Each structure stands twice: as structure tokens, then as C-alpha cells.
Amino acid sequence: MGPQDISKLIVRTSMKDRAAFDLLYKQTSGKLFSVCLRVLRDRGDAEEALQEIFVKIWTKADRFAVSDLSPISWLVAIARNHAIDRIRARRNPSANIDAALDVADPTPGPEAMAVAGGETERIYHCLDELEKDRAAAVRGAYLNGESYAELAERHKVPLNTMRTWLRRSLLKLRECLER
């Protein structure tokens, strides 16, 4: 089933078409369950979350606007956000809002922002000096938050090789930045 078909099912679901909703569930629940399981890391919790997600989809389907965006991306976003909300709900509530008054503002001032802007250009210049695959791995790990295992799989190298690539690339970046 293609994106256009899923879009049609979402639109029909927004009109409270139960048959379309049933088919939408059958076609997308596996993908959405895997998103929940990955975020929540507990099968039972992921199953509960999945049911809640489809209730949200049933009630919010009218908010889906057919566009160039992938309908599965819209569904995955709902699933991911709901799973993250469940994790946040498990945490202990904040102690006292007045305690926040003593917390320093971590945002940099105008001078620090100007310096950081220049540093950003230097870092990107130094990244351009690395081999393409090494630079892509560094960007993936340190800018996109990808794990070493994900990078090793994408670049088709052993995990230890990926670690070596990243360590050596960081050393080369440091050398470049010290010039």
C-alpha cells in the first residue's frame, strides 16, 4: 500500500469511516508499534501506547492535510511524540517552580553567539578537509546523534573500524582547529 492509499485512508478516517480506520490500523500498526517499542523499550507499554495512538489518530485524522509530506511520517510523528510523552509522565514531577529562579540562563550572550558563528565556519571548513565518508560519519555521530552501530551499518564497516574513524577524524579536526 502506497503513501497515496494511506492518505486516502486517513482522510476517510477523518470522516469516521470505520472500515477505512480498520484498514489503516492493519496497514500501519506494525510500523507504529516498532516506533513505540524502540522509544519505550517495553512490549506491554508499547502495546498500550499503540492503542492510545490509534485513538488519537481516530480523533485527529481531520488535522491531516494531504500534501507532499508522507502520511506515514505524520503517523510516526504521532506515535513517537505519544511514546515520549509516556516516558515524561513516568518521571517525578518537578519539586518546586521557585527553585528555577536560582538556575542560571544557559543561553549564550551576543558576544558568545558572534564567536560561535565564526567557530561554526571553522568547524565546517575543517570537516571539508576530511575524507567524505569520515566527514559523513562525524556529522552523523556528533550532529545527528546517530550511534556508532548505526554508522557502522550505513558505511558497511565493522563497529571497531567506525570507532577508529571517528577517533582519528576528531584528532584531525582538532589539529585543523588549532592552526
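About the thresholds
- Residues numbered from 1 in each chain as written.
- Predicted model: local features only at pLDDT ≥ 70, side-chain atom pairs only at ≥ 80, totals over all residues.
- Heavy atoms only, no water.
- Patch = residues over 30% accessible without salt bridge, like charges linked within 9 Å, V, L, I, M, F, W, Y side chains within 5 Å.
- Areas by Shrake-Rupley, 256 points an atom, 1.4 Å probe, with all protein chains shown as cover.
- Salt bridge = Lys/Arg side-chain N within 4 Å of Asp/Glu carboxyl O.
- Helix = DSSP H or I, 4+ residues; strand = E, 2+ residues; numbered from the N terminus.
- pLDDT = per-residue confidence, 0-100.
- Expected span 1.5 Å × (residues − 1).
- Buried < 20%, exposed > 50% of the residue type's maximum accessible area, 1.4 Å probe, protein only.
- Arc of directions from axis to C-beta.
- Contact = heavy atoms within 4.5 Å.
- Polar contact = N/O pair within 3.5 Å; in protein donor to acceptor, adjacent residues only side chain to side chain.

Re a nonpolar patch on the surface
At step 1: A grouping of Tyr142, Tyr148, Leu159 and Leu170 is seen on the molecular surface, where their side chains present a nonpolar patch of about 330 Å² in accessible area.
At step 2: Structurally, the position occupied by Leu170 is in helix α8 (residues 159-178).

Section: the confidence of the model for the chain
Residues shown with low pLDDT carry predicted positions that ought not to be read at fine detail.
At step 1: When the pLDDT values of the chain are averaged, the result is 86; 83% of them are 70 or greater.
At step 2: At the level of individual helices and strands, the chain shows its lowest average pLDDT in helix α5 (residues 110-129), which scores 75, and its highest in helix α2 (residues 18-40), which scores 95.

Remarks on the environment of Arg43
At step 1: Within the secondary structure layout, Arg43 lies in helix α3 (residues 43-60).
At step 2: Placed 10 residues apart in sequence, Arg43 and Phe33 show a C-alpha to C-alpha distance of 9.0 Å.

Looking at helix α4 (residues 71-90)
At step 1: Between its first and last C-alpha, α4 extends 29 Å over 20 residues, near the 28 Å set by a 1.5 Å rise per residue.
At step 2: Among all positions of α4, only Pro71, Leu75, Ile78, Ala79, His82, Ala83 and Arg86 are buried. In an axial view of α4, the angular spread of the buried residues amounts to 125 degrees, which keeps them on one side of the axis.
At step 3: The secondary structure elements touched by the buried residues of α4 are α1 (3-14), α2 and α3.
At step 4: Its side-chain oxygen placed 3.3 Å from the backbone nitrogen of Ile72, Ser70 serves as the N-cap of α4.

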